[in-house]
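Next come the chains, spelled out residue by residue.
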Amino acid sequence: MNLPYIYETYSVKKMMFFVLIASIPAILTECYFFGIVILIQILLFVLFSLLFEIIILKIRDKNIKENILDNSSVVTGVLLGLSIPCTLTWWMIMFSSFFAIVIAKHLYGGLGQNIFNPAMVGYAVLLISFPLYMSSWNKENTKFFSINNIKSSIDKIFFTTNNSDFLVDTDIENFTKATPLNNIKNHSHVSYDNALKNFISKNEKITIFSSWNYINLSFLLGGFFLLYKKIICWRIPFSFLFSLFFSSTINYLFSIDFIISPLFHLFSGGTMICAFFIATDPVTTSYSNIGKIVFGLIIGLLVYIIRNYSNYPDGVAFAVLFGNMLVPLIDNILKTSGYGHKNI
C-alpha cells in the first residue's frame with residue numbers, strides 16, 4: 001500500500017518523449033495529404049528551436065546539455081511544424097521559433113516558469129504578422145511526392161525572399177488559398193449545405209474535408225495514447241471538447257443565421273491538437289482538478305466564439321493564450337489544499 005503523497009511520475013524528458021511518440025500518427029497523416037515538405041518544415045522548426053535554446057542557455061549561463069536533453073524545445077518545434085501551413089520561408093520559421101523559445105519561454109525564466117504556451121505564441125505571432133501565408137494550405141495531391149514538387153517546395157522555403165508567387169503559382173496545382181474553416185467563414189451568409197455544394201467543388205469537398213477529418217482523428221489517436229500512458233489528464237481535453245460541442249450545438253439548433261455542424265467544429269482546424277497536445281501543457285494550465293475543467297470549458301467556448309464572430313477562421317491559439325492568462329485567477333478562486341490541510 002502506497003502512502004497518499006507518494007505516486008509514480010515521469011521525468012520531463014520521458015513525458016516529452018511520449019508526446020513525440022503520440023505525434024507520429026499526425027505527422028504521417030499530414031505527410032500523406034500535404035507531402036514530404038511537412039517533414040522539412042518540422043525539421044526546420046526543431047533546429048531553430050534548439051538553436052535559440054542553446055544561445056539563450058549560454059547567455060543565461062545554464063547547463064546546456066541538461067536543458068537540451070529534456071526534449072521540450074523539440075516538442076515545441078514539432079507542434080509548430082504540424083500547426084503551420086507549409087508555405088512559409090525559412091526566415092518566417094526562424095521568426096516564429098524565436099518568439100516561442102526566447103520570448104514565451106526564457107523571458108519568463110525557462111521551462112516550468114512560462115505563463116504562455118510557447119508553441120501558441122509562435123503560432124499567434126505568425127498569424128498576426130503573415131495572415132495570407134497562414135491561411136494557405138497545400139491542396140492534397142499525390143503528385144506532391146514527386147521529385148519536381150519536392151524540389152520546388154525546398155526552393156520556395158530556402159531561396160525565395162517573397163513567397164507571394166508561391167501562393168498563386170498556376171503551373172503547380174498543389175496549393176489552395178483556403179482551409180475548410182476559411183471556406184465556411186468566407187461564405188457565412190449561406191447555409192452549411194449550400195456552402196459545401198456551391199463554393200467547394202466535388203473533388204475539393206472529398207479531399208479537403210476528409211483530409212482534415214483524418215488529421216484530427218490522428219491527433220485524437222495520439223491523445224488516447226497520452227491518456228493511456230497518463231501523460232495528460234482527461235479533464236482538460238474532454239471539458240474543452242464538451243464546451244466546443246455544446247456551444248456549437250446550441251447555435252446549430254436555435255440560430256437562424258449561417259451555422260456549421262458541431263461535428264464539423266470537432267474535426268476541423270486545430271481542434272484535436274489543441275485538446276490533447278496544446279491545452280494539456282502542464283506548465284500553463286491550472287494545477288487543480290476543478291481548475292483544469294474550468295480551463296478546458298473556457299478555451300472551448302473561446303474557440304467557438306472566435307471561429308464564428310471574429311475575422312479569424314480558427315481561434316485555437318488566441319483561446320489558449322487567453323486561457324493561460326486566466327490560469328492564475330482560476331487557481332486563486334478555486335484554491336485547493338494539500339493532503340491533510342484545510343484552505344485558509
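- The name recorded for the protein in an unreviewed UniProt entry is Ion-translocating oxidoreductase complex subunit D, from Buchnera aphidicola.
- On record in UniProt, under Cofactor (unreviewed entry), the comment for the protein is "FMN".

1. Some words on the packing of helix H3 (residues 37-59) against helix H6 (residues 90-103)
Then step 1. Running from amino to carboxyl end, H3 crosses H6 at an angle of 45°, the nearest separation of the two axes being 9 Å. It follows from the interaxial angle that H3 and H6 lie oblique. Note that H3 runs across H6; the crossing there is right-handed. Residues Gln41, Leu44, Phe45, Phe48, Ser49, Phe52, Glu53 and Ile56 of H3 form the contact with H6, whose participating residues are Trp90, Ile93, Met94, Ser96, Ser97, Phe98, Ile101 and Val102.
Then step 2. Of the residues belonging to the contact of H3 with H6, the class tally is 11 nonpolar, 4 polar and 1 charged.

2. Comments concerning the pattern of salt bridges
Side chains that carry opposite charge are capable of pairing whenever their charged atoms lie near each other.
Then step 1. Summed over all chains, the structure comprises 2 salt bridges.
Then step 2. For Lys105, the salt bridge is made with Glu53, and the minimal N-O distance between the two is 3.1 Å. With a gap of 52 residues between them, Lys105 in the loop between H6 and helix H7 (118-129) and Glu53 in helix H3 connect regions that are remote in the sequence.
Then step 3. Notably, a salt bridge pairs Arg307 with Asp314, separated by 2.8 Å at the nearest N-O pair.

3. Brief notes about the environment of Lys65
Then step 1. Within the secondary structure layout, Lys65 lies in helix H4 (residues 64-68).
Then step 2. Judged by relative accessible area, which is 64%, Lys65 ranks as exposed.
Then step 3. Through-space distance from the C-alpha of Lys65 to that of Ile54 is 8.8 Å; in sequence the pair is 11 residues apart.

4. A closer look at a nonpolar patch on the surface
Then step 1. There is a patch of nonpolar side chains on the surface, built from Phe242, Phe246, Ile250, Tyr252, Leu253, Phe254 and Leu297 and spanning about 740 Å² of accessible area.
Then step 2. When residues of the nonpolar patch are assigned to their parent elements, the largest contribution, 6 residues, is made by helix H14 (residues 235-254).
Then step 3. By the element assignment, Phe254 lies in helix H14.

5. Thoughts on the environment of Gly270
Then step 1. By secondary structure assignment, the location of Gly270 is in the loop between helix H15 (262-266) and helix H16 (271-278).
Then step 2. A relative accessible area of 13% places Gly270 in the buried class.
Then step 3. Between the alpha carbons of Gly270 and Leu82 there is a distance of 9.8 Å; along the sequence they are 188 residues apart.

6. Considerations on helix H17 (residues 289-309)
Then step 1. The terminal C-alpha atoms of H17 lie 30 Å apart, and with 21 residues this matches the ideal 30 Å at 1.5 Å per residue to within 8%.
Then step 2. Within H17, burial applies to Gly291, Lys292, Phe295, Gly296, Ile299, Gly300, Leu302, Val303, Tyr304, Ile306 and Arg307.
Then step 3. For H17, the N-terminal capping position is held by Ser288, with its side-chain oxygen 3.0 Å away from the main-chain nitrogen of Gly291.

7. Section: helix H2 (residues 24-34)
Structurally, the α-helix is built with 3.6 residues per turn, so residues lying three or four positions apart point the same way.
Then step 1. Where H2 is concerned, the buried positions are Ala26, Ile27, Thr29, Glu30, Cys31, Phe33 and Phe34.
Then step 2. Immediately beyond the C-terminal end of H2, within one or two residues, lies Gly35, with a positive phi of roughly 105°.

8. Some words on the confidence of the model for the protein
Then step 1. The pLDDT averaged across the protein works out to 80; a share of 72% of its residues lies at or above 70.
Then step 2. Summarising per-element confidence for the protein, the mean pLDDT is lowest in helix H12 (residues 192-199) (44) and highest in H16 (95).
Then step 3. Taken as a whole, residues 165-178 scores under 50 in pLDDT and shows 34 contacts with residues more than four places along the chain or in a different chain.
Then step 4. Segment residues 188-208: pLDDT under 50, and 29 contacts once partners within four positions in sequence are set aside and those in other chains are kept.

Reading the values: rules and limits
- Per chain, residues are indexed from 1 in the order of the written sequence.
- The predicted nature of this model means local features are confined to residues of pLDDT at least 70 and side-chain atom pairs, given and counted, to a pLDDT of 80 or more, with totals for whole chains, interfaces and linings taken over all residues.
- Note that the side-chain values use all heavy atoms of the structure and ignore hydrogens as well as water.
- UniProt positions are given in the numbering used here, feature names are shortened, and annotations may be inferred rather than shown by experiment.
- Geometry is summarised by axes, namely lines fitted to C-alpha atoms with helices restricted to the contacting stretch, and by angles between N-to-C directions that run from 0 to 180 degrees.
- Per the convention used, a helix needs a DSSP run of H or I reaching at least four residues, while a strand needs a run of E reaching at least two, with both numbered from the N terminus.
- Angles are sorted into four bins: roughly parallel if under 35 degrees, roughly antiparallel if over 145, roughly perpendicular if 65 to 115, and oblique for all others.
- By convention the crossing between two helices is left-handed if the near helix lies anticlockwise of the far one by an angle smaller than a right angle, and right-handed if it lies clockwise.
- We call two residues contacting when some pair of their heavy atoms lies within 4.5 Å.
- Asp, Glu, Lys and Arg are counted as charged, while Ala, Val, Leu, Ile, Met, Phe, Trp, Tyr, Cys and Pro are counted as nonpolar; the rest, among them Gly, fall into the polar class.
- A carboxyl oxygen of Asp or Glu within 4 Å of a side-chain nitrogen of Lys or Arg is what we treat as a salt bridge.
- The classification of residues rests on relative accessible area computed with a 1.4 Å probe and restricted to protein chains. Under 20% of the type maximum is buried, over 50% is exposed, and intermediate values are partly exposed.
- Candidates for patches are residues over 30% relative accessible area with no salt bridge; among them, like charges are joined within 9 Å and nonpolar side chains (Val, Leu, Ile, Met, Phe, Trp, Tyr) within 5 Å.
- What sets the accessible areas is the Shrake-Rupley method with a 1.4 Å probe; for residues, cover comes only from the shown protein chains.
- Expected helix span is computed as 1.5 Å times (number of residues minus one).
- In the analysis that follows, any N or O atom pair within 3.5 Å is treated as a polar contact, provided that within protein one partner can donate a hydrogen and the other can accept it, and provided that, for residues neighboring in sequence, both atoms belong to side chains.
- Each residue carries a pLDDT score, the predictor's own confidence in it, on a scale running from 0 to 100.

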